[in-house]
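# Commentary on secondary and tertiary structure
For reference, the chains in residue letters:
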Amino acid sequence: MRHFLTLRDFTPQELQEMIDLAIKIKRQVKAGEYVPYLKNQTLAMIFEKSSTRTRVSFETGIYQLGGTGLFLSSRDIQLGRGEPLSDTARVLSRMVDMVMIRTFEQSRLEEFARYSGVPVINGLTDSYHPVQLMADYLTMLEFGKTDPVVAYVGDGNNMAHSWLYMAAIMGFELRVATPKGYECDAEIVREAERLAEKYGGKLILGYDPVGAVRDADVVTTDTWVSMGQEEEKEQRLRDFAGFMVDSTLISHAKPDALFLHCLPAYRGYEVSEEVFEAHADEIFTEAENRLHAQKGIMVWLDSHRNDENPE
Ligand code: CP
Ligand code: NVA
């Protein structure tokens, strides 16, 4: 059985298989054909943090695949009152067919997966947001960016880390520009560099937004204040001055560059209103693609239930 905890657990071929499934299922749904790939299956969705897109896309996705989704807020289930993760995992495994979790430390997700008898999907942790990157990759393909140079400007956070793995594994160039003190996690960077060497990605990390964006095909960013960092907000807003993706910064990218944002977006901080609205088409296609990409992931995991877990 395979879990979907980080992108680094997959080969380029495997990620491409999931993307191909997503493309196929998206095409079918657009033609009005709802194929029940996961008929009668139940997906439990545990949320220890807020969500709009992740909740709606997984819940709608499993429904459209012929199954049903259970929204479980940690505020309502016994997990929030101290029931061990290991027990929650073993109970849910006896009742549902797949679990998605949005939580804090990656180690919590890993612990859950260790005890789970059904595939577990990472719906965002402090370290990674791999399902978002699958949607972002699909969006780049749909907009014709098949061998892109991508510039990520902003916080060295879960989104930046997942971009690093995606670029490393799928073999494209990623430039990351963060303020000093907000760099990506050093261990994750080392792992991403190892993968890039293996699979042909190119990773360039620095502090200069203009240098990162120059002639890029895709520019992307994320909030400066992630969930759980609310107390650092004032300090962060000061430290990220100069890192807003505005018209001046994006003018250094290729004229037809895409701008992607996982959302929610905070205009006037990581992105200007003008850039956001000029790129609304790709941003909301990216949001929609959460639905399609995650169906690809769920169907793929379902068809690999009897696989050995690789190292
Ligand atoms: N991009 C994303 O994961 O959005 P939500 O926090 O609304 O799920
Ligand atoms: N980095 C953000 C992403 C939200 C989808 C956070 O973790 O809050």
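Anyway, here's the lowdown on the structure attached to this text. (Residues numbered from 1 in each chain as written. Chains lettered and ligands numbered in written order. Predicted model: local features only at pLDDT ≥ 70, side-chain atom pairs only at ≥ 80, totals over all residues. Heavy atoms only, no water.)

This paragraph deals with the pattern of salt bridges. Opposite charge on two side chains makes pairing possible when the charged atoms of those side chains draw close. Evaluated as defined, the whole model comprises 18 salt bridges. One salt bridge connects Glu 232 with Arg 236, and the closest N-O pair in it is separated by 2.8 Å. Owing to a relative accessible area of 37%, Glu 232 belongs among the partly exposed residues under this scheme. Taking the relative accessible area as the measure of exposure, Arg 236 reaches 5% and is therefore buried. Put simply, Arg 8, Glu 191 and Arg 194 are held in one network by salt bridges that share partners. (Salt bridge = Lys/Arg side-chain N within 4 Å of Asp/Glu carboxyl O. Buried < 20%, exposed > 50% of the residue type's maximum accessible area, 1.4 Å probe, protein only.)

Moving on, we come to the sheet that holds strand β3 (residues 98-102). Taken in spatial order, the 4 strands of this open sheet run β2-β1-β3-β4, and their pairing is parallel. In the strand order of this sheet, the two ends are held by β2 (68-73) and β4 (120-122), each with one partner. Recorded for the sheet is a direction-independent mean angle of 20° between the axes of neighbouring strands. (Pairing = 2+ DSSP bridges. Helix = DSSP H or I, 4+ residues; strand = E, 2+ residues; numbered from the N terminus. Axes fitted to C-alpha atoms, helices over the stretch in contact; angles between N-to-C directions.)

The next thing to look at is the environment of Ile 297. With respect to the secondary-structure elements, Ile 297 resides in helix α12 (residues 280-302). Here Ile 297 falls in the buried class, since its relative accessible area comes to 1%. Along the chain, Ile 297 and Ala 22 lie 275 residues apart, while their C-alpha atoms are 7.7 Å from each other. When near neighbours in sequence (up to four residues on either side) are disregarded, Ile 297 contacts Phe 4, Met 18, Ile 121, Val 131 and Met 134. (Contact = heavy atoms within 4.5 Å.)

Such coordinate-based values are descriptive only and should not be taken to indicate function.
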